[in-house]
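Here is what each chain is made of, one letter per residue.
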Amino acid sequence: MDKEQLVDLLEETGRLLELKGENPFKVRAYLNAARALETWPGGLETAAREGTLAEIPGIGKAIAEKIAGVLASGEFPYHAALKAAFPATLFELFELQGLGAKKIRVLYEQLGVSGIEALEGVCADGRLAALPGFGAKTAANLVDAIAQRRSHAGRFLYEKAAVLAETLRAELREHPAVAQIAVAGSYRRHKEVIGDLDFVVATADPEAVSAFFIAHPLVEGVIASGATKSSVRLPGGLQADLRVVSNEAFPFALNYFTGSKEHNIGMRHRALQRGWTLNEYRLANTSGEPVPPIHEEKDLYRALGLDYIEPELRENLGEFAAAEAHTLPRLVELANLRGTFHNHTTASDGRNTLEEMAEAARELGLAYLGIADHSKSSFQAHGLDEKRLAGQGEAIRRLNAGYGAGFRLFAGVECDILPDGSLDFDDETLAGLDYVVASVHSVFNLSEAAMTARIIRAISNRQVTMLGHLTGRLLLSRKPYPVDIPAVIEAAAATGTIIELNCSAQRMELDWRWWPLAKEKGVRCSINPDAHSVTGLQRLAHGIGIARKGWLTRGEVVNCLPLEEIGAVLAAKRSRA
DNA sequence: GCCGTTTTCGGCCCGACTGTTTTCAGTCG
């Protein structure tokens, strides 16, 4: 039983308790425990053996015992007993907008509705509308929600959401009644996948702004529209919420709607400790000292005894303790980047030539660009053999001769890690390059132990400068292959291997949740766009957002180093004793 | 079920919107 499976079991237990009508705080305890486990970096087996599971914040004695039992036996009788009371298909109903545990329970008990198909039936024949607390409008909304779910997954890559977010932001900003505007929510926190967009606007004329918003040409449907909140559906099914507040309330609304929910609870808790109450409109004194004036978010954090916490860090993963102790990192910024590695050209599966890629990098103001086309085993990507690789190296040397001191191309390769952990080229070939990115592109179905050993063997090679996309995941479409990430991080630290933060929209890995551990172990990061075209280089901006989410500073990101220093870093592993 | 500068009991975030209701429950974020 791995951590991911256990997290799923705890989540499902929470849902089942909710369906059963249990104490909502007990429900929350299971959901909290699932989340606590998900983000906790330690090893489960070790904690269970040492009896320290209950020391994880959010996990107490009862759940710790259950987890230990699951790990020991592979069985979770508490969950199994709950699950036996409801059909498995009932869970799909939670995915419909407008349906929660209470209504699902009523539908199941009163009408025997056990899934979406059955729900469609009772919506159509009028039986749902006849239930107490339900009505014709509810039935119609559920029919819509079913259609919505069928046509859209409901989750969106950051890059896709960004286009709509920035378009709407720019147009709202132009509206004469809009004094301040921000896109808050998970977009502002720079999550890799976005569920919806949250616009927060300060205005003296809420009606005008709301009317403009719901009538915008990008809006395909209005879900809700009130005095302070509107919800609409954008192309592709992305939901966008607008909150309109006064100028005075703006910093509070911005903070509240940026979240995360867990971060908000921390903020509120700190306010309560001071005898204050915090909500999306104000910080008010109830039984403490007078509250200081607050004009922007920074003032709010200061009032609560905290350094300003950047939105990317607001996940309640240690930011409060660090902000209180003045030990928050100064996060890396796009302007810090000096170059990047892992880029493709027409030599393998890229769409632009070497010259075009170099020119695009120079236009972006980068001082260096690493070229890492695929190696020969990646047939599907037209990978380079030794001869073509040598030819590309020649071309790079010729181009470099013409660039002068301000720009340089580095000759590398994205070398396949073969199933046994050996590399696609011999050491002599690799040694002739400036650097090597090693990546897994095939045979994903190994056991976790075999995959971990495969990757560790590869990065133990002195010619491997950095490790590419560590788990092979494609967000929203392909699960990561099983691999022991802490073990790979340990090995990277021991061997002096850089780990890539691949900022292809679907990859965005090494995942931000692991970077604090990597950083603690002394592993350095390279933010790589995995660009297959000149526009692909633009993704560096999104990569920076994820790096910030991983608490990374410019000192930990090698491609923030100037051209004069980066060569030595690329060569460092080869010269290790 | 978790947690503790409110500390072993008694809280646990809370406001907006919708749809069904004549005062509120459910859902959502």
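Since the structure is predicted, the reported quantities are computational estimates derived from the model, not experimental observations.

Analysis parameters
- Residues numbered from 1 in each chain as written.
- Chains lettered and ligands numbered in written order.
- Predicted model: local features only at pLDDT ≥ 70, side-chain atom pairs only at ≥ 80, totals over all residues.
- Heavy atoms only, no water.
- Helix = DSSP H or I, 4+ residues; strand = E, 2+ residues; numbered from the N terminus.
- Rg over C-alpha atoms; globule rule 2.2 N^0.38 Å.
- Buried < 20%, exposed > 50% of the residue type's maximum accessible area, 1.4 Å probe, protein only.
- Areas by Shrake-Rupley, 256 points an atom, 1.4 Å probe, with all protein chains shown as cover.
- Salt bridge = Lys/Arg side-chain N within 4 Å of Asp/Glu carboxyl O.
- Near = heavy atom within 4 Å.
- Polar contact = N/O pair within 3.5 Å; in protein donor to acceptor, adjacent residues only side chain to side chain.
- Nonpolar A, V, L, I, M, F, W, Y, C, P; charged D, E, K, R; others polar.
- Axes fitted to C-alpha atoms, helices over the stretch in contact; angles between N-to-C directions.
- Left-handed = near helix turned anticlockwise from the far one by under 90°.
- Contact = heavy atoms within 4.5 Å.
- Pairing = 2+ DSSP bridges.
- Arc of directions from axis to C-beta.
- Phe/Tyr/Trp six-rings, centres within 6.5 Å; stacked < 30°, edge-to-face > 60°.
- Lys NZ or Arg CZ within 6 Å of the ring centre and 35° of its normal.
- Right-handed = clockwise from strand over helix to strand, strands pointing away.
- Domains from an automatic or database assignment.
- Buried area = accessible area lost by both parts, 1.4 Å probe.

S.K.: Honestly, the overall build of chain A in this entry has me stumped. Any pointers?
M.R.: Scanning chain A from terminus to terminus reveals 24 helices and 17 strands. In terms of overall dimensions, chain A is globule-like: its C-alpha atoms have a radius of gyration of 26 Å, near the 25 Å expected for 577 residues. Reported as C-alpha extents along the three principal axes, the dimensions of chain A are approximately 75 × 60 × 55 Å. Taking all 577 residues of chain A together, 51% fall into the buried category. Per element, the accessible surface of chain A, about 25400 Å² overall, is 52% carbon and sulfur.

S.K.: Where do I start with the pattern of salt bridges in this structure?
M.R.: Where charged atoms from two side chains of opposite charge approach closely, those side chains can pair. In total, this model carries 31 salt bridges according to the counting rule given. In this structure, the salt-bridge partner of Glu18 is Arg15, at a minimum N-O distance of 3.2 Å. Within this pair, Glu18 and its partner Arg15 are both found in helix 1 (residues 3-20), separated by 3 residues, close to a single helical turn. Residue classification places Glu18 among the partly exposed residues on the basis of a relative accessible area of 29%. With its nearest N and O atoms 3.3 Å apart, the salt bridge here joins Glu22 to Lys26. Look at Lys26 and you get partly exposed, because its relative accessible area is 31%. The network of salt bridges with common partners includes Arg35, Arg189, Glu262, Glu315 and Lys549.

S.K.: How should I be thinking about the protein's contact with DNA strand B in this particular structure?
M.R.: Around DNA strand B lies a shell of 43 residues, among which Arg28, Gly58, Gly60, Gly100 and Gly135 are the nearest. When atoms of DNA strand B within 4 Å of the protein are split into backbone and base, the sugar-phosphate part holds 81%. Ala227 places a main-chain nitrogen or oxygen 3.1 Å from a phosphate oxygen of DNA strand B. Within the side chain of Tyr281, a nitrogen or oxygen atom sits 3.0 Å from a phosphate oxygen of DNA strand B. Elements with a minimum of two residues in the surface near DNA strand B: helix 2 (24-39), helix 4 (61-73), helix 6 (101-111), helix 9 (136-151), strand 5 (221-225) and helix 14 (261-273). The element that contributes the greatest number of residues to the surface near DNA strand B is helix 2, accounting for 5 residues. A breakdown of the residues in the surface near DNA strand B according to their chemical character gives 17 nonpolar, 13 polar and 13 charged.

S.K.: How should I be thinking about the environment of Leu369 in this particular structure?
M.R.: As for its position among the elements, Leu369 is in strand 11 (residues 368-371). Sequence spacing of Leu369 and Leu409 is 40 residues, and the spatial spacing of their C-alpha atoms is 5.0 Å.

S.K.: Looking at this structure, how should I read the packing of helix 10 (residues 158-174) against helix 12 (residues 206-214)?
M.R.: When two helices pack together, their arrangement is captured by the angle between the axes and the distance separating the axes. As a packed pair, helix 10 and helix 12 sit with axes 11 Å apart at the nearest point and diverge in direction by 145°. For the pair helix 10 and helix 12, the sense of crossing is right-handed. Two secondary-structure elements touch here, helix 10 through Leu168, Glu171 and Leu172 and helix 12 through Val209, Phe212 and Phe213. By residue class, the composition of the contact of helix 10 with helix 12 is 5 nonpolar, no polar and 1 charged.

S.K.: Help me out: how do you make sense of the sheet that holds strand 5 in this one?
M.R.: The sheet built from 5 strands is open, its strands ordered 2-4-7-6-5 with mixed pairing. Strands at the two margins of the open sheet, each flanked by one partner only, are strand 2 (178-183) and strand 5. Put simply, the sheet's adjacent strands are angled 20° from each other on average, direction ignored. Pairing of strand 2 with strand 4 (residues 196-203) involves 5 bridges; the strand directions are antiparallel. Note that in strand 4 the partner of Val178 across the bridge is Thr203. Against the sheet, helix 10 makes contact with strand 2 and strand 4, and its axis sits at roughly 170° relative to strand 2, the strand it touches most.

S.K.: How do you make sense of helix 21 (residues 485-495) when you look at a structure like this?
M.R.: Residues separated by three or four positions in an α-helix point in the same direction, a consequence of the helix having 3.6 residues per turn. Restricting attention to buried positions, one finds in helix 21 the residues Ile485, Val488, Ile489, Ala491, Ala492 and Thr495. Projection of helix 21 onto a plane perpendicular to its axis shows the buried side chains occupying an angular sector of 165°, all on one side. Where helix 21 is buried, its residues meet helix 20 (448-459), strand 15 (466-467), strand 16 (498-502) and helix 22 (515-521). Directly beyond the C-terminal end of helix 21, a positive phi value near 75° is found at Gly496.

S.K.: Sorry, what's going on with the packing of aromatic side chains here?
M.R.: By convention here, two paired aromatic rings are described through the distance between centres and the angle between planes. Within the structure shown, the criterion is met by 13 aromatic pairs. Each ring, one from Tyr256 and one from Phe257, has its centre 4.9 Å from the other, and the planes form 80°; the classification is edge-to-face. Clustering of aromatic rings is evident, with ring pairs tying together Phe341, Tyr368, Phe410 and Tyr435. Sitting over the ring of Phe94, Arg15 keeps its end group 4.4 Å from the ring centre. One Lys or Arg, Lys549, reaches over the ring of Trp512 and ends 4.6 Å from the middle of that ring.

S.K.: Explain the sheet that holds strand 12 (residues 408-411) here, please?
M.R.: As a general point, the strands of a sheet are linked pairwise by backbone hydrogen bonds and lie either parallel or antiparallel. With respect to topology, 3 strands assemble into an open sheet ordered 10-11-12, the strand pairing being parallel. The sheet terminates laterally at strand 10 (339-340) and strand 12, the two strands that pair on one side only. Bridge count for strand 10 against strand 11 is 2 bridges, and the pairing is parallel. When the bridges of strand 11 are listed, Gly339 appears paired with Tyr368. Running over the sheet, helix 17 (residues 354-363) touches strand 11 and strand 12 and is turned about 150° from strand 11.

S.K.: Could you clarify how one ought to interpret the side chain of Ser231 in this entry?
M.R.: Residue placement: Ser231 occurs in strand 6 (residues 229-233). Residue classification places Ser231 among the buried residues on the basis of a relative accessible area of 2%. Looking at Ser231, its side chain comes within polar contact range of the side chain of Asp241, at 2.7 Å. Once residues lying within four places of it in the same chain are set aside, the contact partners of Ser231 are Val222, Ile223, Ala224, Gln239, Ala240 and Asp241.

S.K.: Is there a simple way to explain the pairing of strand 12 in this structure?
M.R.: For a regular strand, side-chain orientation follows a simple rule: the groups alternate between the two sheet faces. Where strand 11 meets strand 12, 4 bridges bridge the pair, whose relative direction is parallel. The residue bridging Leu369 from the neighbouring strand is Leu409, located in strand 12. A crossover links strand 11 with its parallel partner strand 12, the connecting element being helix 18 (residues 386-403), and its sense is right-handed.

S.K.: Quick question: what am I supposed to make of the domain arrangement of chain A here?
M.R.: Accessible area lost during the coming together of the parts is what is often quoted as the interface size. As assigned here, chain A comprises domain 1 (3-139), domain 2 (156-247), domain 3 (253-324) and domain 4 (334-575). The C-alpha centroid of domain 4 is placed 39 Å from the C-alpha centroid of domain 3. Facing 8 residues of domain 3, the contacting portion of domain 4 comprises 5 residues. Between domain 3 and domain 4, roughly 600 Å² of surface is buried when both sides are summed, and carbon and sulfur atoms account for 59% of that area. Summed over the shared surface of domain 3 and domain 4, the number is 3 salt bridges. A salt bridge links Glu310 to Arg548, with the nearest nitrogen and oxygen atoms 3.3 Å apart. For the pair domain 3 and domain 4, the number of links is 4 residue pairs in polar contact (both at pLDDT 80 or more). Of the residues belonging to the side of domain 3 that touches domain 4, the class tally is 3 nonpolar, 1 polar and 4 charged.

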